[in-house]
Amino acid sequence: MTRRDWATRLHLPTLGAVLVILVVWSLLSWRYGAYVLPSPGAVLRGFAGILKSGEIWGHTGASLYRIVVGFGCAVGVAILMGLAAFVSRAARGVVHDFLAVLNSTSVFVWIVISIIWFGLSNWAPIFTTFMITLPVVGSNIVEGVQNVDRRLLEMGDVYRLNGRQKFVAIVIPFTLSYLVAGMKVGFGLALKVSVVAEIFGVTSGIGYIMNYSREILETQMVFVWALVMILVMMVTDKLVFDTLSRRLARWR
Amino acid sequence: MAVKLVLSGIGKDFLIPVIDTVSFSVEAGEFVCLLGPNGCGKTTLLRIIGGIEPATRGTVLLDGKLVVADQRHDRPVGMVFQEDRLLPWMSLRDNVALVLKPLGRPLAERRAIANRYLGVVGLRGFEDYYPGRVSGGMRQRAAIARALAIEPDVLLMDEPFASLDAQNRRIMQNEVRRIWRETGRTILFVTHSIEEAVAIGTHLIMLSARPARIREAIRNDGRVERAKLIDDLNAMIMEEVERQQGGASL
Ligand SMILES: Nc1ncnc2c1ncn2[C@@H]1O[C@H](COP(=O)(O)OP(=O)(O)OP(=O)(O)O)[C@@H](O)[C@H]1O
Ligand SMILES: [Mg+2]
């Protein structure tokens, strides 16, 4: 990457704003004390600390594992829902209602229920992540399936493509962009939700360690782990989803 | 010659009656051109014959078998739609190869056939292009290649050359004509160009203003002089267009 690229990427006005925030942050920290608001320096030192000790990988890995399993299952089920919606009009209605109900259920409901069902285990945050991301990815896929160009399906009928051939050649490619959009939003949600779920009942993961840091009065570590979360979010967005969207748009 | 296609009393109502009653039969190997004013139901008629639109009245027999819309069928019918209807995410070759799948051909053979027919319509060298990267006329030619590739008994073409320039139009007319002569397929061809119809059709069917009936069915066997035939048909279509517009303003 050239220097010019970097300059445009870093966005000078944004840098200026960051600078202002850092100054205000330092002042507030100095005024109210490190327990309420640790200084930027303390957060940076904390971050360096978990990097050096390797603690960052353990907790981030644990969180990512739960997200990938829960979110992955949600994507799988969502695809099956899309298939059902394609195959039968009745199923489409059922899936639609089902997703509407899931969509209006609070995260907290799933957290409590998952603790009752799965106790203090990995499965509790996985289940919560699954239940929260399913409606997001699912509604996107079903919407995609509904919007498939009828005229292309008709072409498939004229040329005697069977249901599977039409699904593979027409419905899936058409729906992919909806799927990736849904996955992008869903993954962000998964990260936010699973971290909340980790406050309860597990002894690893970003959510757990944030809450623990608060309990032992290490407020700067709360900020450090929040920073880790933001980084994970931005990196997956750039690395995974941007690449995916670009590859899908090859034919455009 | 064997009777290929029989339409008896075909009618279609949408919100308004579109096709009143149309009956005609087509023998195997005929090249039938359908003419008629805009919106008189030519596309609808073709769709009924192709089995993707149910008729309100009447029956279509293809090879003596009833054509039932929206049912899985084994009719070897190729259709060129008014729009190209290519899958934008597949290369032109894959678009053509796709419709060979139901015929149970292996992949290599499908590709070879696709390449051959893309060559026939003058798209050699563009096999790997996505539809979005070629011109509208080229897309339409790819759609024609797709219809030809399945070597259909009956080829339904809905204004297939509308988006081509004069030269390509002439080339494709000759090409379709040649394929028709060499393979003996039955072709139903909708067009707005009377000159085109007279140049390539063995039979011409002029539909009336909506709701459509057959205004005139003509055997284009050269017994009537071409220039006169074109004049007569032009006069006829003017009448029908006026009638349709007069009807609309009432
Ligand atoms: N699905 C539909 N629902 C309602 N009306 C329809 C439908 N399809 C076609 N029509 C109507 O039927 C009439 C005939 O349409 P059609 O497309 O068959 O005409 P056409 O002869 O092919 O016209 P053009 O020359 O413009 O292609 C039009 O008035 C159109 O509005
Ligand atoms: Mg039409």
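Keep in mind the model is a prediction, meaning the values are calculated, not measured. (Residues numbered from 1 in each chain as written. Chains lettered and ligands numbered in written order. Predicted model: local features only at pLDDT ≥ 70, side-chain atom pairs only at ≥ 80, totals over all residues. Heavy atoms only, no water.)

Asker: Any chance you could break down the overall build of chain B for me, citing the residues and the numbers?
Answerer: Counting secondary structure elements, chain B contains seven helices and 10 strands. Against the 2.2 N^0.38 benchmark of 18 Å for 250 residues, chain B shows a C-alpha radius of gyration of 18 Å, consistent with a compact globule. Each principal axis of the C-alpha distribution contributes one length, and for chain B these read about 55 × 40 × 40 Å. Here chain B, with 250 residues, has 53% of them falling under the buried criterion. Contacts in chain B between residues far apart in sequence, at least 24 positions, make up 68% of those at least 6 positions apart. Counting every atom, chain B has about 11200 Å² of accessible surface; 50% of that belongs to carbon and sulfur. Averaging the positions of the 34 positive and the 31 negative side-chain charges in chain B gives two centres separated by 5 Å. (Helix = DSSP H or I, 4+ residues; strand = E, 2+ residues; numbered from the N terminus. Rg over C-alpha atoms; globule rule 2.2 N^0.38 Å. Buried < 20%, exposed > 50% of the residue type's maximum accessible area, 1.4 Å probe, protein only. Contact = heavy atoms within 4.5 Å. Areas by Shrake-Rupley, 256 points an atom, 1.4 Å probe, with all protein chains shown as cover. Lys, Arg positive; Asp, Glu negative; His and termini not counted. Charge placed at Lys NZ, Arg CZ, Asp CG, Glu CD.)

Asker: Explain the nonpolar core residue by residue, including any values.
Answerer: With 137 residues, the main nonpolar core has W225 of chain A together with L7, L45, L87, L188 and L233 of chain B as its most contacted residues. Sorting elements by how many residues they give to this core places helix α9 (residues 163-197) of chain A first, with 12 residues. Aside from chain neighbours lying at most four places away, what touches L45 of chain B is L7, I10, I19, V22, F24, L34 and L207 of chain B. (Core = buried A, V, L, I, M, F, W, Y, C linked by side-chain atoms within 4.5 Å.)

Asker: Before we move on, could you go through the domain arrangement of chain A and cite the residues and values that matter?
Answerer: All names here are of chain A. Examined at the domain level, chain A breaks down into domain 1 (1-32) and domain 2 (39-251). Using C-alpha coordinates to define each centre, domain 1 is positioned 30 Å away from domain 2. For the pairing of domain 1 and domain 2, the buried interface totals around 340 Å² over both sides, and the portion due to carbon and sulfur atoms is 75%. Counting the contacts that link domain 1 with domain 2 gives zero salt bridges. Inspection of the domain 1/domain 2 interface yields one residue pair in polar contact (both at pLDDT 80 or more). Classifying every residue of the side of domain 1 that touches domain 2 by side-chain character gives two nonpolar, two polar and no charged. (Domains from an automatic or database assignment. Buried area = accessible area lost by both parts, 1.4 Å probe. Salt bridge = Lys/Arg side-chain N within 4 Å of Asp/Glu carboxyl O. Polar contact = N/O pair within 3.5 Å; in protein donor to acceptor, adjacent residues only side chain to side chain. Nonpolar A, V, L, I, M, F, W, Y, C, P; charged D, E, K, R; others polar.)

Asker: Let's hear about the coordination of the magnesium ion (ligand 2): which residues, and what values?
Answerer: Those protein atoms acting as donors to the magnesium ion (ligand 2) are T43 of chain B (OG1) and Q82 of chain B (OE1), and they sit at 1.9 to 2.4 Å. Placement of T43 of chain B in helix α1 (residues 42-50) and of Q82 of chain B in the loop between β6 (77-80) and α2 (92-98) is noted, with a sequence separation of 39 residues between them. (Donors = N, O, S within 2.8 Å, 3.2 Å for Na, K, Ca; no water.)

Asker: Help me get a handle on the site of ligand 1, residues and values and all.
Answerer: Residues and elements named next belong to chain B. The local shell around ligand 1 holds 13 residues, among which G39, K42, T43, T44 and Q82 are the closest. The contact in question runs from an oxygen atom of ligand 1 to an N or O atom on the backbone of G39, over 2.8 Å. G41 places a main-chain nitrogen or oxygen 3.0 Å from an oxygen atom of ligand 1. Contact with the protein chains removes 63% of the 630 Å² of surface that ligand 1 exposes when unbound. Broken down by element, the residue count for the shell around ligand 1 peaks at three residues, all from α1. In terms of residue class, the shell around ligand 1 is made up of three nonpolar, seven polar and three charged. (Near = heavy atom within 4 Å.)

Asker: Go over the domain arrangement of chain B with me, naming the residues and quoting the values.
Answerer: All names here are of chain B. Per the domain assignment, the segments making up chain B are domain 1 (3-75 + 153-248) and domain 2 (83-152). Taking only C-alpha atoms, the centre of domain 1 and the centre of domain 2 are 25 Å apart. Tallying the contact residues gives 16 residues for domain 1 and 12 residues for domain 2. Across the domain 1 to domain 2 interface the summed buried area is about 1100 Å²; carbon plus sulfur atoms make up 66%. Sorting the residues of domain 1 by area buried against domain 2 places L155, M172 and R185 first, and these three jointly supply 35% of that buried surface. Linking domain 1 to domain 2 there are two residue pairs in polar contact (both at pLDDT 80 or more). Tallying contributions element by element places helix α5 (residues 166-183) first for the side of domain 1 that touches domain 2, with five residues.

Asker: Provide a residue-level description of a nonpolar patch on the surface, including the pertinent values.
Answerer: Residue and element names in this part refer to chain A. Taken together, the side chains of F108, V112, I116, W117, F118, W123, V196, I199 and F200 present a nonpolar region at the surface, about 890 Å² in accessible area. Top contributing element to the nonpolar patch by residue count: helix α6 (residues 107-118), with five residues. Mapped onto the secondary structure, W123 falls in helix α7 (residues 123-147). (Patch = residues over 30% accessible without salt bridge, like charges linked within 9 Å, V, L, I, M, F, W, Y side chains within 5 Å.)

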